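Single-letter residue listing:
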Amino acid sequence: MFNFKGPDRRKEEERISNEKRLPPGQSLTVKFPVLHYGPVPRFNPATWDFRAWGEVEQEQAWTWEEFNKLPRSRVVMDIHCVTRWSKADTLWEGVSVRTLVEQGFIKLKPAAQYVLEHAEYGFTVNLPLKVVLQENFLLATHFNGEPLTPEHGAPLRGVVGAIPGRDELTSPYLWKGAKWLRGLEFMRQDRLGFWEKAGYSNSADIWKEERFA
Ligand SMILES: Nc1nc2c(c(=O)[nH]1)N[C@H]1C(S)=C(S)[C@@H](COP(=O)(O)O)O[C@H]1N2
Ligand SMILES: [Mo]
């Protein structure tokens, strides 16, 4: 992609802003800051699994090997952190929940309305099912063509951002994607995740600047 120095960062910020891609209160970064609570877990491909449970016809569990055989998708998005940095044109590759549902890898019960992402160490994040099924939410294994690094969520993370020009999609802040993701729980009723319980906004819409509850 790009490699900017200071003045280029400002120029790029101006461009993104002119294209109406910079949400209120955000500034563009060309770095990729690391943000999370707690330690970075180790990945063991022999014991790792990814599970889907709750309001599903049948619970599922994929090994790392099986997960890598699922249909794959790519998406280019702008990502926006609640701590006010944004990063433009990030390329993510992985597995789309919408595709898993459409192709019958996950069979949802009609009662499923909300999703809780479950990550290592009991970390959770909640989103409406409707948002998880959008194209701007991905179960990502790769960032900008490379496997995720441990600190950015390897081997698998949820990621959510804004796809330029797709204003009809709900676009939450980046914390709504759990790093070190191990499963999705489909629920009838909403349940708050880790940061949501700590006072962050439940809906977290970047355009409405919904940072705190
Ligand atoms: N497991 C886990 N995932 C998490 C978090 C966390 O604390 N634990 N923090 C979230 C927050 S607040 C942000 S802004 C993004 C940051 O992702 P990055 O470190 O790749 O930039 O991860 C999100 N996912
Ligand atoms: Mo964050």
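In this text, all values refer to a predicted model and were calculated from it rather than measured experimentally.

Basis of the calculations
- Residues numbered from 1 in each chain as written.
- Chains lettered and ligands numbered in written order.
- Predicted model: local features only at pLDDT ≥ 70, side-chain atom pairs only at ≥ 80, totals over all residues.
- Heavy atoms only, no water.
- Near = heavy atom within 4 Å.
- Polar contact = N/O pair within 3.5 Å; in protein donor to acceptor, adjacent residues only side chain to side chain.
- Nonpolar A, V, L, I, M, F, W, Y, C, P; charged D, E, K, R; others polar.
- Core = buried A, V, L, I, M, F, W, Y, C linked by side-chain atoms within 4.5 Å.
- Buried < 20%, exposed > 50% of the residue type's maximum accessible area, 1.4 Å probe, protein only.
- Helix = DSSP H or I, 4+ residues; strand = E, 2+ residues; numbered from the N terminus.
- Contact = heavy atoms within 4.5 Å.
- Pairing = 2+ DSSP bridges.
- Axes fitted to C-alpha atoms, helices over the stretch in contact; angles between N-to-C directions.
- Salt bridge = Lys/Arg side-chain N within 4 Å of Asp/Glu carboxyl O.

Draft legend 1. Geometry of the site of ligand 1. Residues in contact with ligand 1 amount to 19 residues; listed here are only the nearest, Pro33, Tyr37, His152, Arg157 and Lys179. Between proline 33 and ligand 1, the recorded distance is 2.7 Å, taken from a backbone N or O atom to an oxygen atom. The separation between a nitrogen atom of ligand 1 and a polar side-chain atom of tryptophan 195 is 3.4 Å. Looking at side-chain class alone, the shell around ligand 1 contains 14 nonpolar, three polar and two charged residues.

Draft legend 2. Highlighting the nonpolar core. Counting residues in each nonpolar core, the largest one holds 30 residues, and the members touching the most others are Phe50, Phe67, Val97, Leu139, Leu184 and Phe186. Among the secondary structure elements, those contributing two or more residues to this core are strand S2 (49-54), helix H2 (64-67), helix H3 (97-102), strand S6 (114-119), strand S7 (124-128), helix H4 (129-132), strand S8 (137-143) and strand S11 (181-187). Those residues in contact with phenylalanine 186 that lie beyond four places of it in its chain are Ala52, Trp53, Gly54, Glu55, Val56, Val97, Ile106, Leu108, Ala112, Tyr114, Val115 and Leu129. One finds Val75, Ile79, Ala140 and Ala154 within the second-largest nonpolar core, a separate group that totals 16 residues.

Draft legend 3. Summary view of the sheet that holds S2. Overall, mixed pairing links the five strands, which are arranged S3-S2-S11-S6-S7 in an open sheet. Strand pairing shows two members of the sheet lacking a second neighbour, strand S3 (60-63) and S7, which therefore form its edges. Shown here is a sheet whose adjacent strand axes are inclined to one another by a mean of 15°, direction ignored. With four bridges joining them, S2 and S3 adopt antiparallel strand pairing. In the strand pairing of S3, aspartate 49 is matched with threonine 63.

Draft legend 4. Molecular detail of unusual backbone geometry. A cis amide bond, omega 5°, links alanine 154 with the succeeding residue proline 155. Tracing the backbone shows proline 155 in the loop between strand S9 (146-147) and strand S10 (157-160). In the Ramachandran plot, lysine 20 falls in the positive-phi region, its phi being about 60° despite a non-glycine side chain. Mapped onto the elements of the fold, lysine 20 is located in the loop between helix H1 (6-18) and strand S1 (27-28). On the accessibility criterion, lysine 20 (68% relative accessible area) is exposed. Backbone geometry at alanine 204 places phi at a positive 60°, although glycine is not the residue there. Among the secondary structure elements, alanine 204 is positioned in the segment after helix H5 (194-197).

Draft legend 5. Inspection of the pattern of salt bridges at higher detail. Applying the stated criterion to the full structure yields 20 salt bridges. As a salt-bridge pair, arginine 72 and glutamate 93 come within 3.2 Å of each other at their nearest N and O atoms. Remark: glutamate 93 occurs in strand S5 (residues 85-95) and arginine 72 occurs in the loop between H2 and strand S4 (73-80); sequence separation between them is 21 residues. Classification of arginine 72 as partly exposed rests on a relative accessible area of 33%. Using a relative accessible area of 19% as the deciding quantity, one classes glutamate 93 as buried.

Draft legend 6. The arrangement of the environment of leucine 35 in detail. On the secondary structure map, leucine 35 appears in the loop between S1 and S2. For the pair leucine 35 and glutamate 151, spaced 116 residues apart in sequence, the C-alpha to C-alpha distance is 8.5 Å. Non-local contacts of leucine 35, meaning those with residues more than four positions away in its chain, are made with Cys81, Thr83, Trp85 and Lys179.

Draft legend 7. Spatial organisation of the pairing of S4. One ladder, built from seven bridges, connects S4 with S5; its direction is antiparallel. Bridge pairing in S5 links arginine 74 to glutamate 93.

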